[in-house]
Amino acid sequence: MARGRASSVAPRRGGRVAVYGALGVLARIVDIVVAIVALIIALGILLVVLEANPSNELVKAIDDAARWLVGPFRGIFTLDDRKLTVAVNWGLALVVYVAVGRLISGLLRRPRP
């Protein structure tokens with residue numbers, strides 16, 4: 001590179017090229033929100049399948065949050081076993097949330113011309 005000329009290559013930070021600016025920050029926020037949503041749903045599935053004590057305040061809070069997040073997916077599949085029904089429907093919700101979140105964050109990180 002010649003002296004005094006600005007480089008067209010962005011500086012590297014953490015192994016990734018830091019060229020996304022505000023959109024990169026927004027993509028990271030989307031990733032964090034999706035991770036929290038996925039964690040809540042996964043914990044909700046575990047609490048139902050493992051028959052956690054529903055009168056416990058922490059269990060109740062996680063279950064309520066998970067039920068709210070998976071609301072649109074309730075009743076997609078109706079199986080004989082309640083635990084299996086919850087695992088399948090809520091698991092589907094988890095997969096959709098993660099896939100859509102990754103798609104959105106990926107689009108935000110696309111290089112701009």
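It should be noted that the structure appears before, not after, this text.
None of these values were measured; they are calculated from a predicted model. The residue numbers shown here count from 1 along each chain, following its written sequence. The predicted nature of this model means local features are confined to residues of pLDDT at least 70 and side-chain atom pairs, given and counted, to a pLDDT of 80 or more, with totals for whole chains, interfaces and linings taken over all residues. Where side-chain values are given, they derive from all heavy atoms of the structure, hydrogens and water being excluded.

## Remarks on the nonpolar core
Residues belong to one nonpolar core when they are buried, are Ala, Val, Leu, Ile, Met, Phe, Trp, Tyr or Cys, and are joined through side-chain atoms within 4.5 Å. Burial here depends on accessible area, computed with a 1.4 Å probe over protein chains only, as a share of the maximum for the residue type. Under 20% is buried, over 50% is exposed, and the range in between is partly exposed. Among the nonpolar cores identified, the biggest contains eleven residues, and these are Val37, Ile41, Ile45, Val48, Ala66, Leu69, Val70, Phe73, Val86, Trp90 and Ala93. If you tally residues by element for this core, the top one is helix H1 (residues 21-49), at four residues. Contacts are assigned to residue pairs with any non-hydrogen atoms lying within 4.5 Å of each other. If near-sequence neighbours (up to four positions away) are discounted, Val37 is found in contact with Leu69 and Tyr97. A run of H or I in DSSP becomes a helix once it reaches four residues, and a run of E becomes a strand once it reaches two; helices and strands are each numbered from the N terminus.

## Details of the layout of surface pockets
Buriedness for pockets is judged along seven lines, at least five of which must meet protein on both sides within 12 Å for an open set on the 1 Å grid over protein atoms alone, while cavities are sets there where a 1.4 Å probe fits but cannot get out, and lining residues have an atom within 4 Å of a point. Grid points are joined across faces, edges and corners, and a volume is the space filled by probe spheres set on the points. Quantified by volume, the second largest pocket comes out at close to 180 Å³. Around the second largest pocket sit Gly44, Leu47, Val48, Glu51, Ala52, Pro54, Val59, Lys60, Asp63, Asp64, Arg67 and Arg82, which together line it. Contributions of two or more residues to the lining of the second largest pocket are made by H1 and helix H2 (57-69). The leading source of residues in the lining of the second largest pocket is H2, at five residues.

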